[in-house]
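Summary of the model geometry
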Amino acid sequence: MNAPEFWVAIAFVIFVALVWKKASAAIGTALDGRAERIRSELDEAERLHKDAQALLNGYQSRLADAKKEAEAVLAHAREEAARLQAQAGSDLEASLKRREAQAMDRIAQAEAAALAEVRNLTVDVAIGASQRVLAGGLPAAQADKLIEQSIGELPKHLH
């Protein structure tokens, strides 16, 4: 026990024990702090993951709503196009009927005008013939007979 190596060994063991005690407390504290930081980072990562998942779900919901709205707009556009096409067809048909009616009216007016012209011409011819007959000295009975004959033939010349 008097050997200096013995006391140096005991002093060394006491020194190592004291250093170990202080170092183990510092290492434990450092490890506990690091574990707490890791735990808080994990909690933050979990919270961020939940937020990201909520955003993703929200965007997927909006995308689905936008697709439905686009399909509804497209269906409405198709219905409107079909309605406009049907309307254009009926408008065209009505326009053609109006034009046909107008053409028929013009034909009827032209026919009536031609008929009136023929009648006027026939009357002029009958009057001219009557004047010539009267000026030529035909007997009244024969003149009446010619006038009656001309009037009787008038419907034949009109058709």
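Residues numbered from 1 in each chain as written. Predicted model: local features only at pLDDT ≥ 70, side-chain atom pairs only at ≥ 80, totals over all residues. Heavy atoms only, no water.

- In the annotation of an unreviewed UniProt entry, the entry for the protein chain reads ATP synthase subunit b, and the organism field reads Azospirillum lipoferum.
- Among the UniProt annotations of the protein chain, the heading Sequence similarities (unreviewed entry) holds the following wording: "Belongs to the ATPase B chain family." (UniProt positions renumbered as here; feature names shortened; annotations may be inferred.)

**Quick notes on the overall build of the protein chain**
- If you tally the helices and strands in the protein chain, you get two helices and zero strands.
- Relative to the 2.2 N^0.38 estimate, which gives 15 Å for 159 residues, the radius of gyration of the protein chain is 61 Å and therefore markedly larger than a compact globule would have.
- Judged by the C-alpha coordinates and their principal axes, the protein chain covers about 195 × 20 × 15 Å.
- Among the 159 residues that make up the protein chain, the fraction classed as buried is 3%.
- Of the roughly 13,800 Å² of accessible surface on the protein chain, a fraction of 63% belongs to carbon and sulfur atoms.
- Charged side chains of the protein chain number 20 positive and 23 negative; the gap between the two group centres comes to 5 Å. (Helix = DSSP H or I, 4+ residues; strand = E, 2+ residues; numbered from the N terminus. Rg over C-alpha atoms; globule rule 2.2 N^0.38 Å. Buried < 20%, exposed > 50% of the residue type's maximum accessible area, 1.4 Å probe, protein only. Areas by Shrake-Rupley, 256 points an atom, 1.4 Å probe, with all protein chains shown as cover. Lys, Arg positive; Asp, Glu negative; His and termini not counted. Charge placed at Lys NZ, Arg CZ, Asp CG, Glu CD.)

**Some remarks on the pattern of salt bridges**
- In total, this model carries five salt bridges according to the counting rule given.
- For Arg39, the salt bridge identified is with Glu36, shortest N-O distance 2.7 Å. Taken together, the residues span about one helical turn, with Arg39 and Glu36 both in helix α1 (residues 4–136) at a distance of three residues.
- What makes Glu36 partly exposed here is its relative accessible area of 43%.
- Taking the shortest distance from any N to any O, the salt bridge between Glu93 and Lys97 comes out at 3.5 Å. With a gap of four residues between them, Glu93 and Lys97 both fall in helix α1, about one helical turn apart.
- With a relative accessible area of 52%, Lys97 lands in the exposed category.
- Salt bridges sharing partners connect three or more residues here, namely Glu44, Arg47 and Asp51. (Salt bridge = Lys/Arg side-chain N within 4 Å of Asp/Glu carboxyl O.)

**Section: the UniProt feature "coiled-coil region" (unreviewed entry) in the protein chain**
- The sites that UniProt annotates as "coiled-coil region" (unreviewed entry) are residues 35–113.
- In this annotation, residues 35–113 is assigned 100% helix and 0% strand; the end-to-end C-alpha distance for the span is 114 Å.

**Things to note about the environment of Trp7**
- Assignment of secondary structure puts Trp7 in helix α1.
- Sequence spacing of Trp7 and Ala30 is 23 residues, and the spatial spacing of their C-alpha atoms is 34 Å.

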